[in-house]
Amino acid sequence: MPFNILEIVYQPFVDYGFMRSALAACICLTLSTSILGTFIVFKRMSLMGEALSHGILPGIALAFMVSGLSTLGLTIGGMIAGILVVLLSFRLSSKSNIPEDSSLSAMYIIFLSIGFLLLSSANSGVHLTHILFGNILAVDTDTLLLIVIISVTTLCTMIFLTKPLLYASFDPVLLNLKGYSVTLIQSVFLALVVLNLVAACQAIGTLMALGVMLLPAITSRILATRFKHIILLSVSLGICGNLIGLLISYHFNLSAGPTIVLVLGLFFLSSIFLRPEKQDF
Amino acid sequence: MITFQSVSFSYPKKKQAAFNNSTFTSTIKGGDCVAIVGANGSGKTTFLKLISGLLSPHKGHAHIGKELKASYLTQLQHYDRIYPLTVFDVVNMAHPIPKLLWKSHTHQQNESTIRALETVNLIDKKNNHISNLSGGEFQRMLFARTLAEDSDIILLDEPFTSIDETTIEILLELMSKITQQFNKTILCICHDLDLAQEYFTHVIHIKEQQPILYTQDEWRLFFSENGGRHAI
């Protein structure tokens, strides 16, 4: 029996190159998205994450219409749309009396509709499904390379950015008086979030990308109380969830992206019952 | 110590300027504990933000002496009380931020944090999560951070909001200790005019875009001659 379980776990990765690529893509994505997701939860920016993950769609759709499923084209298109949705919503909010969360919600729904319209007018149902739900099991070398580059860039930046971000989230005034630019720190952080969402989109689709980023972070926030533990647990849960999700999707012939997100969702729901009885916060 | 000369400033969405060619002549020195009073919307927080450099005036000059270090504590409700930090972590934020993720604060920096926590009587709670602190303890923790920062001027934005009277007295005693024992200057926005009269050495009254400095005796006289609370 133990032999069978081991076989179930490692045999797909031994037998199939696409499973190895999928696992590599998942691990790289998880390493960077879990850390960013932790800060999104700390900063109570889940709505911003939602807006960005959907707001990048028209950029991806336009890039797809111009250059097909070119990895670089989709990345640049997604980045531009993501940054645009944030800038426009902040501008809208500063020019009117509506709060930022309302303008952000309004803008991302508009961007999402434009994205759907563009994709449906491109007249390709297969590609629409690919962009919305991704296909981690069909990650090509270009996409894998892009994911690795984005992941390494994110991790290298976070070596310098983590502590200032921690300060910026708790007490931005203190950081300002120390001579740091809070706006610059938050802009770099947002750029990393957009970049990772674009990468995650190409692997598991625009509708699922945020799940991979946020669910491990929210779960670890429930289970752990110290900053370091929350980040480490978030990364560990992310990797476990991706691995289990991939294996379930392989053995039961299910779509990989939603299966991974559902496993991460199950971790989240279980954490409510598993959380320490006496919790400090 | 404080420069506030011909300052004009207004917020983008507000029609009326917070300050319009306003000048404030200051004789504030080390050891002074100054209350800032004024009606709602008179520009008390804006005044603190301008002199601390958090806001830049559209015209004129507003700053604290270049050789002096300032700390600014925002209103308590602006802090995320469920943030995953301990009391020690927050007070340790006083020191320069380690450049790399795996770097920690030095032994001397940690020692200075401990001393600051001892001064505010929070040493026994140094490993507690901040969510476990009461409002008064949270404020004392922030005071400890300003002590660890070794700031010359401490700017407090309504530190007594939502805090009971007994705790306010403890905080005022601590503020008095900080100013007298450590020769720091405190500028504190205060809505309670009785406290302003009783516990502070000076009062800055902001009315019609103009900050004016009074000594405690001058303020008492002004207060009684101008109909008490109606003077505000």
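Rules used throughout
- Residues numbered from 1 in each chain as written.
- Chains lettered and ligands numbered in written order.
- Predicted model: local features only at pLDDT ≥ 70, side-chain atom pairs only at ≥ 80, totals over all residues.
- Helix = DSSP H or I, 4+ residues; strand = E, 2+ residues; numbered from the N terminus.
- Rg over C-alpha atoms; globule rule 2.2 N^0.38 Å.
- Buried ≥ 20, exposed ≤ 12 C-beta atoms within 10 Å, placed from the backbone.
- Contact = placed C-beta atoms within 7 Å.
- Domains from an automatic or database assignment.
- Nonpolar A, V, L, I, M, F, W, Y, C, P; charged D, E, K, R; others polar.
- Axes fitted to C-alpha atoms, helices over the stretch in contact; angles between N-to-C directions.
- Parallel < 35°, antiparallel > 145°, perpendicular 65-115°, else oblique.
- Left-handed = near helix turned anticlockwise from the far one by under 90°.
- Pairing = 2+ DSSP bridges.
- Expected span 1.5 Å × (residues − 1).
- Core = buried A, V, L, I, M, F, W, Y, C linked by C-beta atoms within 7 Å.
- Right-handed = clockwise from strand over helix to strand, strands pointing away.

> Quick one: what's the story with the overall build of chain B, residue by residue and with numbers?
Secondary structure summary: chain B contains seven helices and nine strands in total. Taken over the C-alpha trace, chain B has a radius of gyration of 18 Å; the compact-globule value for 232 residues is 17 Å, and the two agree within 12%. When the backbone C-alpha atoms are referred to their principal axes, chain B occupies close to 55 × 40 × 30 Å. Counting every position in chain B, which comprises 232 residues, the buried fraction comes to 41%. Counting contacts in chain B only where the partners sit at least 6 residues apart, residues at least 24 apart contribute 72% of the total.

> Can you break down the overall build of chain A residue by residue, with the values?
Broken down by element type, chain A carries 13 helices and zero strands. Its helices and strands taken in sequence order, chain A reads α-α-α-α-α-α-α-α-α-α-α-α-α from the N to the C terminus. For chain A, the proportion of its 281 residues judged to be buried stands at 46%. Taking all contacts inside chain A whose residues are at least 6 apart in sequence as the whole, residues at least 24 apart take part in 73%.

> Please set out the domain arrangement of chain B residue by residue, giving values where relevant.
Residue and element names in this part refer to chain B. Each domain of chain B was delimited in the assignment, giving domain 1 (1-68 + 152-232) and domain 2 (81-150). Inter-centroid distance (C-alpha atoms) of domain 1 to domain 2 is 26 Å. With five residues, helix 5 (residues 165-182) is the single largest residue contributor to the side of domain 1 that touches domain 2. A class-by-class count of the residues in the side of domain 1 that touches domain 2 yields seven nonpolar, two polar and no charged.

> Residues and numbers for the interface of chain B and chain A, please.
By convention, interface size is frequently given as the accessible area that disappears when the constituent parts associate. Contact residues are listed per partner, giving 21 residues for chain B and 21 residues for chain A. Residues of the side of chain B that touches chain A, tallied by class, amount to 14 nonpolar, five polar and two charged.

> Can you break down the packing of helix 3 (residues 46-55) of chain A against helix 6 (residues 100-121) of chain A residue by residue, with the values?
All names here are of chain A. The geometry of helix 3 relative to helix 6 is characterised by a closest axis approach of 8 Å and an angle of 20 degrees between their N-to-C directions. Relative to helix 6, helix 3 is oriented roughly parallel. Like other packed secondary-structure pairs, helix 3 and helix 6 cross with a definite hand, here left-handed. The segment helix 3 lies against helix 6, with Leu47, Met48, Glu50, Ala51, His54 and Gly55 engaging Asp101, Leu104, Ser105, Met107, Tyr108, Phe111 and Leu112. Looking at the contact of helix 3 with helix 6, its residues break down into eight nonpolar, three polar and two charged.

> Explain the sheet that holds strand 4 (residues 59-64) of chain B residue by residue, including any values.
Residues and elements named next belong to chain B. Pairing is antiparallel across the open sheet formed by three strands, whose spatial order is 2-1-4. The open sheet is flanked by strand 2 (19-24) and strand 4, the only strands paired with a single partner. Here the average twist between neighbouring strands, direction ignored, is 25 degrees. Two elements, strand 1 (residues 2-9) and strand 4, share five bridges in a ladder whose sense is antiparallel. Paired with Phe4 across the two strands is Ala62, which belongs to strand 4.

> An account of the packing of helix 2 (residues 17-42) of chain A against helix 12 (residues 227-251) of chain A is requested, with residue identities and associated values reported.
Residues and elements named next belong to chain A. Running from N to C, helix 2 and helix 12 point in directions that differ by 150 degrees, and their axes come no closer than 8 Å. Considering the angle they form, helix 2 stands roughly antiparallel to helix 12. As helix 2 packs across helix 12, the resulting crossing turns out to be right-handed. Along its contact with helix 2, which presents Met19, Ala22, Leu23, Cys26, Ile27, Thr30, Leu31, Ser34, Ile35, Gly37 and Thr38, the element helix 12 presents Ile230, Ile231, Ser234, Val235, Gly238, Ile239, Asn242, Leu243, Leu246 and Tyr250. When the residues that make up the contact of helix 2 with helix 12 are grouped by side-chain class, the tally is 14 nonpolar, seven polar and no charged.

> How would you sum up helix 5 (residues 71-95) of chain A? Please name residues and give values.
All names here are of chain A. When the terminal C-alpha atoms of helix 5 are compared, their 36 Å separation across 25 residues agrees well with the 36 Å that a helix rising 1.5 Å per residue should span. Among the residues making up helix 5, those that are buried are Thr71, Leu74, Thr75, Gly77, Gly78, Ala81, Gly82, Val85, Val86 and Ser89. Those residues of helix 5 that are buried lie in contact with helix 3, helix 4 (57-67), helix 6, helix 8 (141-170) and helix 10 (182-204).

> Give a detailed account of unusual backbone geometry, specifying residues and quantitative values.
All names here are of chain B. Despite not being glycine, Asn121 has its phi angle at roughly 60 degrees, a positive value. Here Asn121 is to be found in the loop between helix 3 (107-119) and helix 4 (135-149). Positive phi outside glycine occurs at Glu208, with the angle close to 50 degrees. Within the secondary structure, Glu208 is located in the loop between strand 8 (202-207) and strand 9 (210-215).

> Mind laying out the nonpolar core, listing which residues take part and the relevant values?
Grouped together as the largest cluster of nonpolar side chains are 144 residues, with contacts concentrated most on A:Leu197, A:Ala200, A:Val212, B:Ile36 and B:Ala144. Residue assignment places this core across two domains, with domain 1 (1-68 + 152-232) and domain 2 (81-150) of chain B each supplying three or more. Among all residues touching B:Ala144, those that are not within four sequence positions of it are B:Val91, B:Ala116, B:Leu117, B:Thr119, B:Val120 and B:Leu122.

> Provide a residue-level description of the pairing of strand 7 (residues 185-189) of chain B, including the pertinent values.
In regular strands, side chains alternate between the two faces of the sheet. Residue and element names in this part refer to chain B. Among the five residues that make up strand 7, five are buried, leaving the element largely enclosed by the rest of the structure. The two faces of strand 7 match: Thr185, Leu187 and Ile189 on one face and Ile186 and Cys188 on the other face are all buried. The pairing of strand 3 (residues 33-37) with strand 7 spans four bridges and is classified as parallel. Within the sheet, the bridge partner assigned to Val34 lies in strand 7 and is Leu187. Strand direction decides the pairing type here: strand 6 (residues 153-156) and strand 7, joined by four bridges, are parallel. What sits directly across from Leu155, in strand 7, is Leu187. The parallel pair strand 6 and strand 7 is bridged by helix 5, and the resulting crossover is right-handed.

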